[in-house]
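Each chain, letter by letter, is given below.
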Amino acid sequence: MRSKRLSLRNAENELNMGVVILILIIAALLTVMVATGMGPVSVSPETTARILLSKIPGIGRNIVPNWKPVEQNIVLVLRLPRVCLGLVVGASLAICGVTMQALVRNNLADPFILGVSSGAAAFATLGMLFGVFSFLGTYSLSISAFIGAAITIIFVYVLSRVRGRINITQLLLSGVAVSMIMDGLTSVIKLGAPNALGLHNAEFWMSGSLASAKWAYLKLPLIVLILCMAFLLLNYRGLNLLLLGDDNAGALGINVRLLQKELILVASLMAGVTIAVSGTIGFVGLMVPHFTRLLVGGDHRKVLPIAALLGGILVVWVDVAARLIIAPEELPVGILTAIIGGPIFIVLLKRSNKENK
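Residues numbered from 1 in each chain as written. Predicted model: local features only at pLDDT ≥ 70, side-chain atom pairs only at ≥ 80, totals over all residues. Heavy atoms only, no water.

Engineer: Which residues make up the overall build of the chain, and what are the values?
Structural biologist: Within the chain one finds 14 helices and two strands. On C-alpha atoms alone, the chain measures out to a radius of gyration of 21 Å, which is about the 21 Å that the 2.2 N^0.38 rule sets for 357 residues. Across its three principal axes, the chain shows a C-alpha extent of roughly 65 × 65 × 40 Å. Residues classed as buried in the chain amount to 48% of the 357 residues present. Contacts in the chain between residues far apart in sequence, at least 24 positions, make up 75% of those at least 6 positions apart. Accessible area of the chain: about 17500 Å², with a carbon and sulfur share of 67%. Averaging the positions of the 28 positive and the 15 negative side-chain charges in the chain gives two centres separated by 6 Å. (Helix = DSSP H or I, 4+ residues; strand = E, 2+ residues; numbered from the N terminus. Rg over C-alpha atoms; globule rule 2.2 N^0.38 Å. Buried < 20%, exposed > 50% of the residue type's maximum accessible area, 1.4 Å probe, protein only. Contact = heavy atoms within 4.5 Å. Areas by Shrake-Rupley, 256 points an atom, 1.4 Å probe, with all protein chains shown as cover. Lys, Arg positive; Asp, Glu negative; His and termini not counted. Charge placed at Lys NZ, Arg CZ, Asp CG, Glu CD.)

Written out as structure tokens, the structure reads:
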């Protein structure tokens, strides 16, 4: 009888998760159709949907092209790659946040707070302004950002370990210190910028923006997102057990040291590649995993896909707000996420302090 109840409860949980994912997928599709048409020059959702459907094999021949050529260019050339990049960037930042929070066993961790974003930005800026990593070819910006993210997260991780264990206070302090160091290095690099245009482009990029989105920019971050998501889903049990502590996870059959190294690599790769195409967009990796756990609990098998969908939808709508608030000018997305995420982080920090008393 008990086993039957457990099986029914598991089936109900699976159904609830499926319903949540289905709702978020529908929300993501609606987001693509609506957000693609929004901007200084708006295109109606109906026209946007017809233009998008006209490009689907087998369906497109039944769509009558009653829209203007300029509307098609706005939707397919300018807006759609930007919205798709927003989905990928948001999903990657959210998953990166989930990964880092499991790694350090703290829900207040994210790439921005622990200095990973600052490290990636410092190395990427060095490459942008001085071409230091140009020998790496097409993906020099992504690789340089990955190197900066990897160095930073390893440095913070090493500094936060006391007697072989991660000390949370030491972790947060190390993240703040390393972030300040990397921000200082970035300032020094900017002061030596060879020209004003390069400095302006670097400044706007570091503030976080999807304005330069192109179809070519989607390939690498999408591949990295898919590969990292697949790895994390295959190792979701290890992520769950890491939250119990290193000793408990090891006693339950997890190779803790190996998994921690793999998570450092995954977090660095996602942070580096994402920052390379969008600049530093903070607090998404903090907010989205927290709200996801409130929605579906702490099981990473549920948290990972739902956080990815929520993160993508959030970044797309923040980007819509960024290009509408002072239209036809644009605000950097990173500024808006900081304005939204800062107060939320303060609330989470206060709540965490109350729970620890």
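Engineer: Help me get a handle on the packing of helix H8 (residues 219–234) against helix H13 (residues 300–324), residues and values and all.
Structural biologist: Across the interface, H8 lies against H13 with an axial gap of 9 Å and an inter-helix angle of 160 degrees. On the basis of the axis angle, H8 is roughly antiparallel to H13. As for the relative orientation of H8 and H13, their crossing is left-handed in sense. Contacts between H8 and H13 involve Met229, Leu232 and Leu233 from the first element and Arg301, Leu304, Pro305 and Ala308 from the second. (Axes fitted to C-alpha atoms, helices over the stretch in contact; angles between N-to-C directions. Parallel < 35°, antiparallel > 145°, perpendicular 65-115°, else oblique. Left-handed = near helix turned anticlockwise from the far one by under 90°.)

Engineer: Break down the packing of helix H3 (residues 69–104) against H8 for me, with residues and values.
Structural biologist: H8 packs onto H3 with a crossing angle of 35 degrees between their chain directions and a minimal axis gap of 10 Å. Crossing angle aside, the handedness with which H3 passes H8 is left-handed. Mapping the contact onto sequence places Val88, Ala91, Ser92, Ile95 and Thr99 in H3 and Pro221, Leu222, Leu225, Met229 and Leu232 in H8. Per-class residue counts for the contact of H3 with H8 are eight nonpolar, two polar and no charged. (Nonpolar A, V, L, I, M, F, W, Y, C, P; charged D, E, K, R; others polar.)

Engineer: Summarise the packing of aromatic side chains; cite the residues concerned and give the values.
Structural biologist: By the definition in use, this model includes zero aromatic pairs. The side chain of Arg301 reaches across the aromatic face of Tyr236, ending 5.9 Å from its centre. (Phe/Tyr/Trp six-rings, centres within 6.5 Å; stacked < 30°, edge-to-face > 60°. Lys NZ or Arg CZ within 6 Å of the ring centre and 35° of its normal.)

Engineer: Describe in detail the pattern of salt bridges, supporting the description with residues and values.
Structural biologist: By the definition in use, this model includes two salt bridges. The residue Arg82 makes a salt bridge to Asp319 at a minimum N-O spacing of 2.8 Å. Of this pair, Arg82 sits in helix H3 while Asp319 is found in helix H13, placing the two residues 237 residues apart along the sequence. Ionic pairing is found between Asp319 and Arg323, a salt bridge with its closest N-O pair at 2.9 Å. Of this pair, Asp319 and Arg323 both sit in helix H13, separated by four residues, roughly a single helical turn. Arg323 carries the same exposure label as Asp319, and that label is buried. Through salt bridges with shared partners, one network takes in Arg82, Asp319 and Arg323. (Salt bridge = Lys/Arg side-chain N within 4 Å of Asp/Glu carboxyl O.)

Engineer: How would you sum up the nonpolar core? Please name residues and give values.
Structural biologist: Of all hydrophobic cores here, the largest spans 75 residues; its most connected members are Leu232 and Met270. In terms of residue count, H3 provides more of this core than any other element does, 13 residues in total. Excluding residues within four positions of it along the chain, Leu232 makes contact with Ile95, Thr99, Leu239, Leu263, Val266, Met270 and Leu304. In terms of nonpolar packing, the next biggest core, distinct from the first, is built from 14 residues, Trp67, Ile74, Leu80 and Val320 among them. (Core = buried A, V, L, I, M, F, W, Y, C linked by side-chain atoms within 4.5 Å.)

Engineer: Tell me about the side chain of Thr36, and name the residues and values.
Structural biologist: With respect to the secondary-structure elements, Thr36 resides in helix H1 (residues 2–36). Classification of Thr36 by relative accessible area gives buried; the value is 0%. Among residues more than four places away in sequence, those in contact with Thr36 are Thr31, Thr48, Val75, Arg79, Leu80 and Val83.

Engineer: Kindly report on H13, identifying the contributing residues and their values.
Structural biologist: Residue pairs three or four apart in sequence face the same way in an α-helix, which turns once every 3.6 residues. Taking 1.5 Å of rise per residue, the 25 residues of H13 would be expected to cover 36 Å, and the 35 Å separating its terminal C-alpha atoms lies within 8% of that figure. Counting buried positions along H13 gives 18 out of 25 residues, so the element sits mostly inside the fold. Where H13 begins, the capping side chain belongs to Asp299, and its oxygen is found 3.1 Å from the backbone nitrogen of Arg301. (Expected span 1.5 Å × (residues − 1). Polar contact = N/O pair within 3.5 Å; in protein donor to acceptor, adjacent residues only side chain to side chain.)

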